[in-house]
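Structural description and commentary
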Amino acid sequence: MTATGNQLDLLASHGSAAIATNDTLVASIIAALRTVHDPEIPVNIYDLGLIYRVETKHGGLVEIDMTLTAPGCPVAGEMLNWVQKAVSDVDGIDRVDVRLVFDPPWDSSRMSDDVKLELGLL
């Protein structure tokens, strides 16, 4: 699965049953990501646009690429742990690899419209 803006596109080469199961798993992962909030902006990291990639792998592995609103974020290490903990609590997930990336740099265009409205940016 790759992230394009705030939309995650499922890439699957399996049958429809596998796709349906993976869709359910991905929805659970996204719900878990929405429980993690940026401490400086009272918004969850998924709708804030900090999650760039979520990819489920065989054996209960999920890989996540995420960024921060600013490279010097004082809770960067803690936030990665929060993401790992939230997603590892999802049924069917045995291991979570979270990778911090800064390319492309985050900007407010990655936020969902609901978040932009909530923050007075629309």
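Quantities reported herein were computed from a predicted structural model and do not represent experimental measurements.

1. Looking at the overall build of the protein chain
Helix and strand content of the protein chain: three helices and five strands. Along its sequence from the N terminus, the protein chain presents helices and strands in the succession β-β-α-β-β-α-β-α. In the protein chain, which comprises 122 residues, the proportion classed as buried is 41%. Look at the contacts in the protein chain between residues 6 or more apart in sequence, and 58% of them connect residues 24 or more apart. Put simply, the protein chain shows about 6600 Å² of open surface, and 52% of that area lies on carbon and sulfur atoms.

2. Overview of the confidence of the model for the protein chain
The predicted coordinates should not be examined in detail at positions where pLDDT is low. When pLDDT is averaged along the protein chain, the result is 84; 84% of the residues meet or exceed 70. Overall, residues 1-17 carries pLDDT values under 50, and its contacts beyond four positions in sequence, including any with other chains, amount to 35 contacts.

3. Some words on the pattern of salt bridges
The tally for this structure, following the rule as stated, stands at eight salt bridges. Ionic pairing is found between Arg99 and Asp65, a salt bridge with its closest N-O pair at 2.9 Å. Placement of the pair is Arg99 in strand E5 (residues 95-100) and Asp65 in strand E4 (residues 61-66), with a sequence separation of 34 residues. We classify Arg99 as partly exposed; its relative accessible area is 48%. The buried category is assigned to Asp65, whose relative accessible area is 7%.

4. A short note on the pairing of strand E3 (residues 51-56)
Buried residues dominate E3, accounting for five of its six residues. In terms of strand pairing, E3 meets E4 through five bridges, oriented antiparallel. What sits directly across from Glu55, in E4, is Glu63. In textbook terms, the turn of a hairpin is the stretch between consecutive antiparallel strands, and for E3 and E4 this stretch comprises four residues, one of which, Gly59, has a positive phi near 80 degrees.

5. With respect to the nonpolar core
Taken as a class, soluble globular proteins show a tendency for nonpolar side chains to be buried jointly. One finds Leu33, Ile45, Ile64, Met66 and Val87 to be the most contacted residues of the largest nonpolar core, which totals 34 residues. Secondary-structure elements contributing two or more residues to this core are helix H1 (16-33), E3, E4 and helix H2 (76-88). Of all the elements, H2 adds the most residues to this core, at six residues. With residues up to four places along the chain from it excluded, the contact list for Met66 reads Ile45, Leu50, Ile51, Tyr52, Met79, Leu80, Val83, Val98, Arg99, Leu100 and Val101.

6. Description of the sheet that holds E3
If you trace the three strands from one edge of the open sheet to the other, you get E3-E4-E5, paired in mixed fashion. On the outer flanks of this sheet lie E3 and E5, each paired with one strand and no other. The average angle at which neighbouring strand axes cross in this sheet is 15 degrees, direction not considered. In this structure, E4 lies alongside E5, joined through six bridges in parallel fashion. Pairing of Asp65 across the sheet is with Arg99, part of E5.

7. Topic: unusual backbone geometry
In this model, Asp103 is joined to Pro104 through a cis peptide bond whose omega is 5 degrees. Tracing the backbone through its elements, the reader meets Pro104 in the loop between E5 and helix H3 (113-118).

Conventions we followed
Residues numbered from 1 in each chain as written. Predicted model: local features only at pLDDT ≥ 70, side-chain atom pairs only at ≥ 80, totals over all residues. Heavy atoms only, no water. Helix = DSSP H or I, 4+ residues; strand = E, 2+ residues; numbered from the N terminus. Buried < 20%, exposed > 50% of the residue type's maximum accessible area, 1.4 Å probe, protein only. Contact = heavy atoms within 4.5 Å. Areas by Shrake-Rupley, 256 points an atom, 1.4 Å probe, with all protein chains shown as cover. pLDDT = per-residue confidence, 0-100. Salt bridge = Lys/Arg side-chain N within 4 Å of Asp/Glu carboxyl O. Pairing = 2+ DSSP bridges. Core = buried A, V, L, I, M, F, W, Y, C linked by side-chain atoms within 4.5 Å. Axes fitted to C-alpha atoms, helices over the stretch in contact; angles between N-to-C directions.

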